[in-house]
Amino acid sequence: MPELFSPLRLRALEIPNRLWMSPMCMYSADDAAEAGRPTDFHLAHYASHAFGGAGLVMVEATAVQARGRISPWDLGLWDDGQIPDFARLAAGIRHGGAVPGVQLAHAGRKASADSPARGGGALTAAQGGWPTVGPSPIPFPGYPVPEQMSVDDIAELVDEFAAAARRAREAGFEVVEIHAAHGYLLHSFLSPVANRRTDRWGGDFAGRTRLLKEVVAAVRSTWPDTLPVMLRISSTDWIEEDPTRSEESWTVEDSIRLAAEVCDLGVDLVDVSSGGLVPARISRDRDYQTSKAARLRRESGVPVAGVGRISEPVVASGLVASGDVDAVFVARQLLREISWPNRVAQELGAAPRHIPQYSYAV
Ligand SMILES: Cc1cc2nc3c(=O)[nH]c(=O)nc-3n(C[C@H](O)[C@H](O)[C@H](O)COP(=O)(O)O)c2cc1C
């Protein structure tokens, strides 16, 4: 049995394999009365990926506050009324034999944007946009200046992450992932490029990581002890790697230190992405991101998932077999081929997933 198709146990949860669907915004929620709620499209989409053989299906960035949506068409779990539609998603994913997970997010200074299919970019108020918040009044290039979050705003945000986790559990999700990558709110607190606060939530490493640690602790306190909490981070802002830039930024060394510290607070796996805080030159290497995940695992000892440009069976398999990562998240390759995990299983000589109803095919 190739390691990629061996189960991974995190706390009391057994995930049937290590080839997982990475969170991907579909920008397909209703933007009006039913804001934030999954639709029949989401049910068909996520269930299909479960039937395709992914061990874990991570539902896209789901906002913990309405103003934390990237776009008006994002999913959200800021209200109990949203739970039933998420419960259908979790059930649909389980019907396909996968573990249902959901990524909880707040877009911060990158919120209030148009969908990428319509060109992206900040929405004006006339276009349905809303005021954004951030650690400091420093905008993402091309976006409006965010309002600096007050101490009360910070306390409220921590509570809302915990409340959204409680709703995710009530809906039947078995994995919750905190989104602290890609320049969104929690990442913008981590990086000195966006966080210039002089209070307890800024300044040195301890100050800049405080909000994320508060969120982790709050989510952990509502999430069952038997189920895992994952954390997605950007391992680097891609500024330290650029010889033409010298400003202080979030680095791989910071990520290694953070990984060990959040593990002590109850994070069970760190999902290692990169970038998104500011426009930057990103390496074109195939292992641009997975090599950083491997380093983080080696130097922090924390379980990690690798992600980024994984589209060949031998690459996915090698990353896990070598012990570089514990699992892989795959995004765009699964949009190209929905049942890619089942095909990879077949190519590697492992059995593709067959739910009981499909046993006639064996
Ligand atoms: C359409 C699309 C939407 C995405 N939405 C999210 C998201 O909601 N949350 C997240 O953490 N990453 C998101 N990502 C990033 C992917 O999860 C993944 O990290 C990235 O695409 C690199 O993996 P890949 O090379 O396999 O596509 C998105 C990517 C795509 C292509």
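Check the entry above for the structure.
Rules used in this analysis
- Residues numbered from 1 in each chain as written.
- Predicted model: local features only at pLDDT ≥ 70, side-chain atom pairs only at ≥ 80, totals over all residues.
- Heavy atoms only, no water.
- Helix = DSSP H or I, 4+ residues; strand = E, 2+ residues; numbered from the N terminus.
- Rg over C-alpha atoms; globule rule 2.2 N^0.38 Å.
- Buried < 20%, exposed > 50% of the residue type's maximum accessible area, 1.4 Å probe, protein only.
- Near = heavy atom within 4 Å.
- Polar contact = N/O pair within 3.5 Å; in protein donor to acceptor, adjacent residues only side chain to side chain.
- Areas by Shrake-Rupley, 256 points an atom, 1.4 Å probe, with all protein chains shown as cover.
- 1 Å grid on protein atoms, 1.4 Å probe; cavity = no way out; pocket = protein on both sides within 12 Å on 5 of 7 lines; lining within 4 Å.
- Sits in = over half its atoms within 2 Å of the grid points.
- Nonpolar A, V, L, I, M, F, W, Y, C, P; charged D, E, K, R; others polar.
- Contact = heavy atoms within 4.5 Å.
- Phe/Tyr/Trp six-rings, centres within 6.5 Å; stacked < 30°, edge-to-face > 60°.
- Lys NZ or Arg CZ within 6 Å of the ring centre and 35° of its normal.
- Pairing = 2+ DSSP bridges.
- Right-handed = clockwise from strand over helix to strand, strands pointing away.
- Core = buried A, V, L, I, M, F, W, Y, C linked by side-chain atoms within 4.5 Å.
- Axes fitted to C-alpha atoms, helices over the stretch in contact; angles between N-to-C directions.
- Left-handed = near helix turned anticlockwise from the far one by under 90°.
- Salt bridge = Lys/Arg side-chain N within 4 Å of Asp/Glu carboxyl O.
- Points joined across faces, edges and corners; volume = space filled by probe spheres on them.

Undergrad: It is not clear to me how the overall build of the chain should be interpreted in this structure. Could you clarify?
TA: The helix and strand inventory of the chain stands at 11 helices and 13 strands. Taking 362 residues into account, the globule formula puts the C-alpha radius of gyration at 21 Å, and the chain, at 19 Å, falls close to it. Counting only C-alpha atoms and orienting by the principal axes, one finds that the chain spans roughly 60 × 45 × 40 Å. Burial analysis of the chain (362 residues in total) assigns 59% to the buried set.

Undergrad: Where do I start with the site of the ligand in this structure?
TA: In the vicinity of the ligand there are 15 residues, among which S22, P23, Q103, R309 and R332 approach most closely. For the ligand, an oxygen atom lies 2.7 Å from a polar atom in the backbone of P23. Bound to the protein, the ligand loses 81% of the 610 Å² it would expose on its own. In this structure the site holding the ligand corresponds to the largest pocket. For the shell around the ligand, the residue count by class is seven nonpolar, five polar and three charged.

Undergrad: Even after reading the chapter, I still don't get unusual backbone geometry, so can you show me in this structure?
TA: It is generally the case that most residues other than glycine have a negative phi and that most peptide bonds are trans. One non-glycine residue, H182, adopts positive backbone phi at about 60°. When you line up the elements, H182 lands in the loop between strand 9 (175-180) and helix 4 (185-190). A positive phi angle, near 60°, is found at R309, a position not held by glycine. Residue placement: R309 occurs in the loop between strand 12 (304-307) and helix 9 (313-321).

Undergrad: I keep staring at the side chain of R167 and nothing clicks. Help me out?
TA: Structurally, the position occupied by R167 is in helix 3 (residues 151-170). The class for R167 is buried, based on a relative accessible area of 10%. For R167, the side chain forms a polar contact with the main-chain oxygen of W78, separated by 3.4 Å. When near neighbours in sequence (up to four residues on either side) are disregarded, R167 contacts L77, W78, D79, D80 and I83.

Undergrad: Teacher, can you tell me more about the packing of aromatic side chains here?
TA: Each aromatic ring pair is summarised here by two numbers: the centre-to-centre distance and the angle between the ring planes. Tallied over the entire structure, the rule returns six aromatic pairs. Judged by centre distance (5.2 Å) and plane angle (70°), the ring pair of W20 and F329 falls under edge-to-face. You can see W20 sitting in strand 3 (residues 19-21) and its partner F329 sitting in strand 13 (residues 327-330), a full 309 residues away along the chain. Judged by its relative accessible area of 1%, F329 falls in the buried class. Taking the centre distance of 5.4 Å and the plane angle of 85° together, the rings of F140 and Y143 count as edge-to-face. Comparing F140 with Y143, the two get one shared label, buried. The positively charged end of R232 is found above the aromatic ring belonging to F329, 5.7 Å away from the centroid.

Undergrad: Teacher, can you tell me more about helix 11 (residues 340-347) here?
TA: Residues that lie three or four places apart on an α-helix share one face, since the helix turns once every 3.6 residues. Of all the positions in helix 11, only W340, P341, N342, V344 and A345 are classed as buried. G349 sits one or two residues past helix 11 and shows a positive phi near 85°.

Undergrad: Mind showing me how you'd approach the pairing of strand 12 here?
TA: On a regular strand, one side chain projects to one face of the sheet and the next to the other, so that they alternate. The side-chain alternation of strand 12 yields two buried faces, one formed by V304 and G306 and the other by A305 and V307. Relative to strand 12, strand 11 (residues 269-273) runs parallel, the two being bridged by three bridges. Residue pairing in the sheet places V272 in a bridge with G306 of strand 12. With respect to chirality, the unit in which strand 11 leads through helix 8 (residues 290-300) into the neighbouring parallel strand 12 is right-handed. Taken together, strand 12, helix 9 and strand 13 constitute a β-α-β crossover, and its handedness is right-handed.

Undergrad: Help me understand the nonpolar core, please; the structure alone is not making it clear to me.
TA: One recurring pattern in soluble globular proteins: nonpolar side chains tend to sit buried together. Counting residues in hydrophobic clusters, the biggest one holds 96 residues, and the most contacted among them are W20, F173, I178, M230 and V328. At eight residues, the largest contribution of residues to this core is made by helix 3. Non-local contacts of V328, meaning those with residues more than four positions away in its chain, are made with L4, R18, L19, W20, G306, I310, A316, L319 and V320. Core analysis: the next-biggest nonpolar cluster, separate from the first, contains eight residues, A111, A113, F140 and Y143 among them.

Undergrad: Any chance you could explain the packing of helix 3 against helix 6 (residues 210-222) here in plain terms?
TA: Two numbers describe a pair of packed helices, the interaxial angle and the distance between the axes. Across the interface, helix 3 lies against helix 6 with an axial gap of 8 Å and an inter-helix angle of 35°. With respect to the hand of their crossing, helix 3 and helix 6 are arranged in right-handed fashion. Each of I154, L157, V158, F161, A162, A165 and R166 in helix 3 lies in contact with helix 6, whose residues at this interface are L211, E214, V215, A218, V219 and T222. When the residues that make up the contact of helix 3 with helix 6 are grouped by side-chain class, the tally is 10 nonpolar, one polar and two charged.

Undergrad: Looking at this model, I keep getting lost on the pattern of salt bridges. Mind explaining?
TA: Oppositely charged side chains can pair when the atoms bearing their charge come close. Tallying each qualifying case throughout the model produces 24 salt bridges. One salt bridge connects R295 with E299, and the closest N-O pair in it is separated by 2.9 Å. One end of the pair is R295 and the other is E299, both in helix 8 and four residues apart, which spans about a single turn. Among the residues examined, E299 registers a relative accessible area of 46% and is labelled partly exposed.

Undergrad: Can you help me understand the layout of surface pockets in this one?
TA: Take a probe with the size of a water molecule and roll it over the atoms, and the empty space left behind shows itself. Computed from the structure, the largest pocket encloses a volume of approximately 990 Å³. If you go around the largest pocket, you meet 39 residues; those closest to its centre are P23, M24, H182, R232 and A331. Contributions of two or more residues to the lining of the largest pocket are made by strand 13 and helix 10 (332-336). Its residues assigned to classes, the lining of the largest pocket comprises 19 nonpolar, 14 polar and six charged. Forming the walls of the second largest pocket are M1, F5, P16, N17, G53, N342, A350, A351, P352 and R353. Of the residues belonging to the lining of the second largest pocket, the class tally is six nonpolar, three polar and one charged.

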